[in-house]
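# Structural description and commentary
Here is what each chain is made of, one letter per residue.
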Amino acid sequence: MIAASQKKSEEILSRRKQVVPNAIGIFNPGTAVSASGSLITDADGREMIDFAGGIGVVNAGHCPPPVVEAIARQAARMIHCSFNVATYELYLQLAEKLASLLPHGDHTKVMLTNSGAESVENAIKIARQATGRQAIICFEGAFHGRTMMAMTLTSKVGYKLGCGPFAPEVYRLPFPDYYRQGNGLNLDEFSDIHIRELEEFFHAYVPAEEVAAILMEPVQGEGGFNVVPKRYLQQLRQVCDKHGILLILDEVQSGFGRTGKWAAYEHYDVIPDISTWAKSMGSGMPTGAVIGKAHIMDACKPSTIGGTYPGNPVCCAASLATLQYMEEININALGERIGDIVRQRFNQFKSRHEAIGDVRGLGAMMAFELVKNKDPFQPDGDSCKRLISYCAAHGLIVINAGIHGNIIRILSPLVIGDQLLHKGLDILEKGLESVLK
Ligand SMILES: Cc1ncc(COP(=O)(O)O)c(C=O)c1O
């Protein structure tokens, strides 16, 4: 699998240094020329197993044939005219499909966007207009994107250095992080305490009647696959209802089969007022969506939401084909099955390495966390970095997460076969033995 020479990859990476700003992150030291299913071929012809999935974008695999065909067919017919200028059916078909898969109450409306960050930006604009309130509450460890409002809502300081001032009227709550703060409580008691703290927050920081929305990822993505406890999210829904606050759930990373369901929130029996989407919706085409209750979505004043490209016909065709393909292959069952395999293997790793402090996730959104001295508060980002390099040298692309970069997360395509999945997990296992010895 490993080619002797990595000359071309090295040359590409050094050209990158010359012409691309250093600040654009390098999560993995590889290159890519082509990709198919769960494999990426690099510039030197090496086939790499992909556990990063383009950061959660290719749940349906790299270049699924029906999606490739739909893109080519639509590109030949109409690439762009702008939905503001002329109404085309593809936008409606995609909106109808999303509303039927992910209903938000009796009547659901959908606006399309170009990215996750843009979905979040628009969700906030919609929530503010619908409530006539300004404050937004978000969480520690959250990641919502890199546009100005999305960056404000993002927690990781390292992603924001020197970029302020940030948007006003954004308040941050501690995330109910059971691994770090559980302190021997059971999960329900722990959740109750966090909900009580939220009610206190309304007295100490911002009155509930001034809060437009609470924004949360049901499973934090960049934050390290922290899963919101079920009771917490259910009670959060009730708190929002009590105070007329909108609940926005960000499903950009957790959506479309990743957790074994279309939406991670389906695990919670909770329906948000608004939700945000992108990534695997378009198999790599830049597209996203805001889905919401119709009366909330319709509270916006004309032209306060939209743009030149959102709902681009080629992206719509790719998304429609992706969703249809996902239904055909039963993506949710695949997510569940892959999650079971990965969780079992990760738990085996944990039983052998005390440096693995936690194994967690929902469905196939699985991660393990490396710490020193068995202490959740001593993150081991260096070992994580070395593990990623080991894997890269041995044919596996994997990326980290967490504000300290000490968490290995799996976002492999969900179409990955058992053999390739285990082969990738074997590399990870040998990497742990090598790095932690
Ligand atoms: C939960 C979540 N929201 C929003 C975003 C931003 O999406 P994008 O990079 O498409 O702007 C991300 C990206 O990783 C994400 O994980």
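Preceding this section is the structure that the text describes.
The structure reproduced in this document is the subject of the present report. (Residues numbered from 1 in each chain as written. Predicted model: local features only at pLDDT ≥ 70, side-chain atom pairs only at ≥ 80, totals over all residues. Heavy atoms only, no water.)

## Describing the overall build of the chain
What counts here: Put simply, DSSP H or I for four residues or longer makes a helix, DSSP E for two residues or longer makes a strand, and each gets a number counted from the N terminus. A 1.4 Å probe rolled over the protein chains alone gives each residue an accessible area, and that area as a share of the maximum for its type sets the label: buried under 20%, exposed over 50%, partly exposed in between. Contact criterion: two residues are considered in contact whenever any of their non-hydrogen atoms come within 4.5 Å of each other. All accessible areas in this document rest on Shrake-Rupley with a 1.4 Å probe, and a residue is counted as covered only by the protein chains that are shown. Charge convention: Lys and Arg are scored as positive, Asp and Glu as negative, and His as well as the terminal groups of each chain are ignored. Where a charge sits is defined by one atom per residue type, namely NZ (Lys), CZ (Arg), CG (Asp) or CD (Glu).
Across its full length, the chain holds 14 helices and 15 strands. In terms of overall dimensions, the chain has C-alpha extents of about 60 × 60 × 45 Å along its principal axes. Scored against the burial criterion, the 437 residues of the chain give a buried share of 54%. For the chain, long-range pairs separated by at least 24 residues make up 72% of all intrachain contacts whose partners lie at least 6 apart in sequence. Summing over all exposed atoms, the chain offers an accessible surface of approximately 18,600 Å²; the carbon and sulfur share of this is 53%. Distance from the positive charge centre (42 side chains) to the negative charge centre (46 side chains) of the chain: 5 Å.

## Notes on the sheet that holds strand β12 (residues 365-370)
What counts, and what does not: Strand pairing follows a simple DSSP-based rule, namely that at least 2 bridges must link the two strands. Between the N-to-C directions of two axes lies an angle of 0 to 180 degrees, each axis being a line fitted to C-alpha atoms and, for a helix, fitted only over the stretch in contact.
Here we have 4 strands laid out as an open sheet, ordered β11-β12-β15-β14, and antiparallel in their pairing. Looking at strand neighbours, the two that pair on one side only are β11 (356-362) and β14 (399-401), the edges of this open sheet. Neighbour to neighbour, the strand axes of the sheet diverge by 30° on average, direction disregarded. Judged from the 3 bridges that link them, β14 and strand β15 (residues 407-410) form a sheet pairing that is antiparallel. For alanine 401, the partnering residue across the bridge sits in β15 and is isoleucine 407. Seen against the sheet, helix α12 (residues 331-352) touches β11, β12 and β15 and runs at an angle of roughly 170° to β11. Packed on one face of the sheet, helix α14 (residues 418-436) meets β11, β12 and β15 and runs near 10° to β12.

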